[in-house]
Amino acid sequence: MTTSLRVRPRVWIGFAIWLAYIVIVFGVQTATGIPYDEWGDSGQNLFLGGGLSLIVATILLAITTSLLGWWRPALFEDARSHHRWPIFVPILVALLAVVNLTLTDWASYDGVFFAASLVLLLVGFTEEMTARGLMLVALRSRLSEVWVWFLTSAAFGLMHFMNFFLGQDLVPTLQQVGSAFLIGTVFYILRRTTGTLIWAMVLHAVWDFSVFAVGHGTPNPLAGLVGVLEMLFGVVALAVVWFTFRTSARGVEARI
């Protein structure tokens, strides 16, 4: 795989890309001067606070991936997981996203706010390409698949700690970091069972959009139950992720 790549994958490259992503996104979001807890106040706040940084990150990640020549390994597995049945966890999360959208107070949306919300769908590309795309490729150059799963999921969770420095309280930030680790495991399972990162990007985008949508306007009392189920499904993902480490390629075991 590495012979056709412009740059040979190295562990440090993965961590450098991850750190650069955090610095760039945090820098753009800080420069706008809009606190994290005010993003939902208007369409302008949402675009400048969150959307603009995602547009910048999308462009830079596309350039970086092209320069490295890592598009194929970042987006596609050489061999899917031998066990496909763990995909039931991502399916459950997808159903939860649909529930979130049905519980959303759509009357609270105006055209500008909705358009700005759609820009947030880019998070599916940016965060997945950073953690379970480029970083995953880099880590696989040296580490076993167990460490690849754990470190990419942990790195994904820690990305969300920047929200504390953007004005979010510490306790909800720590909860968000932990929740992101669990949901990151779900996205990892989806990559391994489908053989591509693309479906994880789609689910990630829809999931984040649904979580933000259901929290806007008048909250539905059932939204809290969805949050509990999210954590439950995340724990289930931890219980079954081990079954995705084995590859289907010629019966060879992935390094665990």
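All values reported here derive from a predicted model rather than from experimental measurement. (Residues numbered from 1 in each chain as written. Predicted model: local features only at pLDDT ≥ 70, side-chain atom pairs only at ≥ 80, totals over all residues. Heavy atoms only, no water.)

(A) Region of interest: the packing of aromatic side chains. All told, the structure shown has 21 aromatic pairs when counted by the stated rule. Connected via pairs of aromatic rings, a cluster forms that spans W147, W149, F150, F181, Y188, W242 and F245. R132 extends its terminal NZ or CZ atom over the ring of F156, reaching a point 4.5 Å from the ring centre. (Phe/Tyr/Trp six-rings, centres within 6.5 Å; stacked < 30°, edge-to-face > 60°. Lys NZ or Arg CZ within 6 Å of the ring centre and 35° of its normal.)

(B) Focus on the nonpolar core. Ranked by internal contacts, the top residues of the largest apolar core, which has 67 residues, are W70 and M129. With 10 residues, helix α6 (residues 123–139) is the largest single contributor of residues to this core. Filtering out sequence-adjacent residues up to four positions away, W70 remains in contact with L5, V7, R8, P9, R10, I13, T65, L134, V137 and A138. (Core = buried A, V, L, I, M, F, W, Y, C linked by side-chain atoms within 4.5 Å. Buried < 20%, exposed > 50% of the residue type's maximum accessible area, 1.4 Å probe, protein only. Helix = DSSP H or I, 4+ residues; strand = E, 2+ residues; numbered from the N terminus. Contact = heavy atoms within 4.5 Å.)

(C) Just a negative patch on the surface, in detail. The grouping of D37, E38, D41 and D169 at the surface amounts to a negative patch. Considering the arrangement of structural elements, one finds D37 in the loop between α1 (11–32) and α2 (43–68). (Patch = residues over 30% accessible without salt bridge, like charges linked within 9 Å, V, L, I, M, F, W, Y side chains within 5 Å. Areas by Shrake-Rupley, 256 points an atom, 1.4 Å probe, with all protein chains shown as cover. Salt bridge = Lys/Arg side-chain N within 4 Å of Asp/Glu carboxyl O. Lys, Arg positive; Asp, Glu negative; His and termini not counted. Charge placed at Lys NZ, Arg CZ, Asp CG, Glu CD.)

(D) How the structure looks around a nonpolar patch on the surface. Taken together, the side chains of I55, I59, L60, I63 and L67 make up a nonpolar region of the molecular surface, amounting to roughly 430 Å² of accessible area. Mapped onto the elements, L60 comes out in helix α2. On the accessibility criterion, L60 (35% relative accessible area) is partly exposed.

(E) Quick peek at the confidence of the model for the chain. Per-residue confidence for the chain gives a mean pLDDT of 93; residues scoring 70 or more make up 96%. α6 holds the highest mean pLDDT among the elements of the chain, 98, whereas helix α8 (residues 162–165) holds the lowest, 93. (pLDDT = per-residue confidence, 0-100.)

(F) Seen up close, the packing of α1 against α6. Taken N-terminus to C-terminus, the directions of α1 and α6 make an angle of 165 degrees; their axes are 7 Å apart at the nearest point. Classified by the angle between their axes, α1 and α6 sit roughly antiparallel to one another. Here the hand of the crossing between α1 and α6 comes out left-handed. For the pair formed by α1 and α6, the contact residues are V11, G14, F15, I17, W18 and Y21 on the first element and T126, E127, T130, L134, M135, A138 and L139 on the second. A breakdown of the residues in the contact of α1 with α6 according to their chemical character gives nine nonpolar, three polar and one charged. (Axes fitted to C-alpha atoms, helices over the stretch in contact; angles between N-to-C directions. Parallel < 35°, antiparallel > 145°, perpendicular 65-115°, else oblique. Left-handed = near helix turned anticlockwise from the far one by under 90°. Nonpolar A, V, L, I, M, F, W, Y, C, P; charged D, E, K, R; others polar.)

(G) Fine view of α6. Along its length, α6 reaches its greatest deviation from straightness, about 45 degrees, at M129. Here α6 lies mainly inside the structure; 17 of its 17 residues are buried. (Bend = angle between axes of the 7 residues up to and from the residue.)

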